[in-house]
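# Residue-level structure breakdown
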Amino acid sequence: MLKIFNTLGRQQEVFTPIEDGKVKVYQCGPTVYSTQHIGNMRAAVEGDLITRALRYLGYDVKFVRNYTDFGHLTGDNIGDADSGEDRMEKGAKREGLTPDQVADKYIKIFESDVAELNIQMPTKTARATDYINAMVDMVKVLVDKGFAYVTPTAIFFEVDKFEKYTELSGQKLDKNISGEGHGTVSDSNKKKPYDFALWFFRTGEHANALQYWPSPFESSLVANGIGFPGWHIECSAMIKATLGDTIDIHIGGVEHIPTHHTNEIAQSESANGVKYVNYWMHNEHLLVDNHKMAKSEGTAYNVQELKSKGYEPLALRYFFLQSHYRSKQNFTFEALAASQTALNRLRLGIRNLLSEIKESRSLSNNIDVSFKETFTQALEDDFNIPQALAITWDTLKSDLPSEIKLATILDFDRVLGLNLVDELEQPRTLEVPTEVQILLDERQIARIEKNWTKSDELRDRLKSEFGI
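Residues numbered from 1 in each chain as written. Predicted model: local features only at pLDDT ≥ 70, side-chain atom pairs only at ≥ 80, totals over all residues. Heavy atoms only, no water.

Let us now look at the overall build of the protein chain. Each helix and strand in the protein chain was counted, giving 14 helices and 14 strands. Looking at the protein chain as a whole, 54% of its 468 residues are labelled buried. Across the protein chain, the fraction of contacts at a sequence separation of at least 24, relative to all contacts at a separation of at least 6, is 75%. Surface exposure of the protein chain reaches about 20,700 Å², of which carbon and sulfur atoms provide 48%. The average position of the 53 basic charges and that of the 68 acidic charges among the side chains of the protein chain differ by 2 Å. (Helix = DSSP H or I, 4+ residues; strand = E, 2+ residues; numbered from the N terminus. Buried < 20%, exposed > 50% of the residue type's maximum accessible area, 1.4 Å probe, protein only. Contact = heavy atoms within 4.5 Å. Areas by Shrake-Rupley, 256 points an atom, 1.4 Å probe, with all protein chains shown as cover. Lys, Arg positive; Asp, Glu negative; His and termini not counted. Charge placed at Lys NZ, Arg CZ, Asp CG, Glu CD.)

With antiparallel pairing, the four strands of this open sheet are ordered in space as β6-β7-β8-β9. Two strands bound the open sheet, and with one partner strand each, they are β6 (148-150) and β9 (227-229). Neighbour-to-neighbour, the strand axes of this sheet turn through a mean angle of 20 degrees, independent of strand direction. Both strand β8 (residues 196-201) and β9 contribute to a ladder of three bridges, which runs antiparallel. Pairing of W199 across the sheet is with P229, part of β9. (Pairing = 2+ DSSP bridges. Axes fitted to C-alpha atoms, helices over the stretch in contact; angles between N-to-C directions.)

What follows is about the pattern of salt bridges. It is possible for side chains bearing opposite charge to pair when their charged atoms get close. Here the structure, examined in full by the defined rule, presents 25 salt bridges. With its nearest N and O atoms 2.8 Å apart, the salt bridge here joins D48 to R317. You can see D48 sitting in helix α1 (residues 38-56) and its partner R317 sitting in helix α8 (residues 313-321), a full 269 residues away along the chain. For the pair formed by D48 and R317, the shared burial category is buried. For K372, the salt bridge goes to D411, with nearest N and O atoms at 3.0 Å. Of this pair, K372 sits in helix α10 (residues 369-380) while D411 sits in helix α12 (residues 402-416); the two residues are 39 residues apart in sequence, bridging distant segments of the chain. Each member of the salt-bridge network shares a partner with another, and the members are E312, R347, R351 and E423. (Salt bridge = Lys/Arg side-chain N within 4 Å of Asp/Glu carboxyl O.)

In this section: the packing of helix α5 (residues 231-242) against helix α6 (residues 257-272). It is at 9 Å that the axes of α5 and α6 come closest, and there the two elements cross at 50 degrees. Taken as axis vectors, α5 and α6 run oblique relative to one another. As for the relative orientation of α5 and α6, their crossing is right-handed in sense. Residues W231, H232, I233, C235, S236, I239 and K240 of α5 lie in contact with α6, whose contacting residues are T259, H260, N263, E264, Q267, S268 and N272. Taken together, the residues of the contact of α5 with α6 sort by class into four nonpolar, eight polar and two charged. (Parallel < 35°, antiparallel > 145°, perpendicular 65-115°, else oblique. Left-handed = near helix turned anticlockwise from the far one by under 90°. Nonpolar A, V, L, I, M, F, W, Y, C, P; charged D, E, K, R; others polar.)

Take the pairing of strand β7 (residues 154-157) next. Alternating residues of β7 divide into A154 and F156 and I155 and F157, and every residue in both groups is buried. As judged from the three bridges shared by β6 and β7, these two strands associate in the antiparallel manner. Bridge pairing in β7 places Y149 opposite F156. The pairing of β7 with β8 spans four bridges and is classified as antiparallel. What sits directly across from F156, in β8, is A197.

As a further point, take empty space enclosed by the protein. Evaluation of the coordinates by the stated rule reveals five cavities of 30 Å³ or more. Empty space within the second largest cavity amounts to approximately 50 Å³. Taken together, E46, L49, I50, S323, H324, Y325, F383 and I385 make up the lining of the second largest cavity. Along the lines of polarity and charge, the residues of the lining of the second largest cavity split into five nonpolar, two polar and one charged. (1 Å grid on protein atoms, 1.4 Å probe; cavity = no way out; pocket = protein on both sides within 12 Å on 5 of 7 lines; lining within 4 Å. Points joined across faces, edges and corners; volume = space filled by probe spheres on them.)

Right, here's the structure in full:
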């Protein structure tokens, strides 16, 4: 019985899909104006682990992740998503490219990075600029239903018209985030400071917007309703177009709760007249040396930077496996090195099992029922991946026959995603950690000196600590 911590109810709830045996999942993907840092990659890995686990548990999963390639304003950093510079324009000016070229470049880099982390591609990726018409249609419905109003500079959602606006965030609107409603010229047209933009006309602060489209909306300042959709309407429209009016699970970062996801609920349920999402799942932040990642301090590392320092992307994935998605995780290079060592030990364990199986290397399909049951229970407990990883190690250290241990661990790796099956092919040479090499050298010296007691002690340490 799968239980999920639902942010909306602030408790674990038994998961009941809309359609028996099938799950519709959406994850807020990256804004593709720069290379994604490892905090973004943690979110991507968590989405991958959740969807892998759902499939392992027998569900037919339709998983959509988006690319935001316009409309995400920098004001979101201070809690006002209607203010500041468009991130895509910021990237375009920085690199001397068009916003489309910037998006193409960084989508390619992102997809390369997630492939190296063994993140499976979603059923569908939705690029925001491909869904402009769907966004316009949803805004029009909201205006026609009286949930939104048109000003000379923008179209705003009238928050007071949606009674459950703060249900997800638990905020009090009169004590909302400082700065809300004071960011742009268009804000003077809001009925209330917390009303949010559905469509920006190409005027005022956005008069020189690089990305814009015609619309059926009328503005006294702009001909043909030219402008661009707000950030929040993107996900609502793309979910409706790709998954339907109501979905099972929506995944995102905790930073999305107070504004982005709160606004998604308001506009989707007002436009569609039905519940938007049944289960909200939010992953916590990744810290670096117990501080928030910051480009200004050089701590917003990316996958390629870690590779240049000698770490495998899969070592980073292993690092992520050790923390629950709802817990903050602290990245250090010491922790990453330990994850690389642990991953190598696990691979060596697989090789040792393989060497113990008869020469034909035929594997048993008899997966151990007891370990599989405990592994499944960990997944059903709000996707407790750290516990699932621990059970994998317990399986390796157990007294089960080698072929059953191997088959069971490879079955678990369908969720963990460490590509352990590769060890069954042509084994590659692993880089031996320094501490392992020291022990190997000491043991060789002990053998030369015929100090068999010390040699045996070192042999036992290599086996117990490193699986060698």
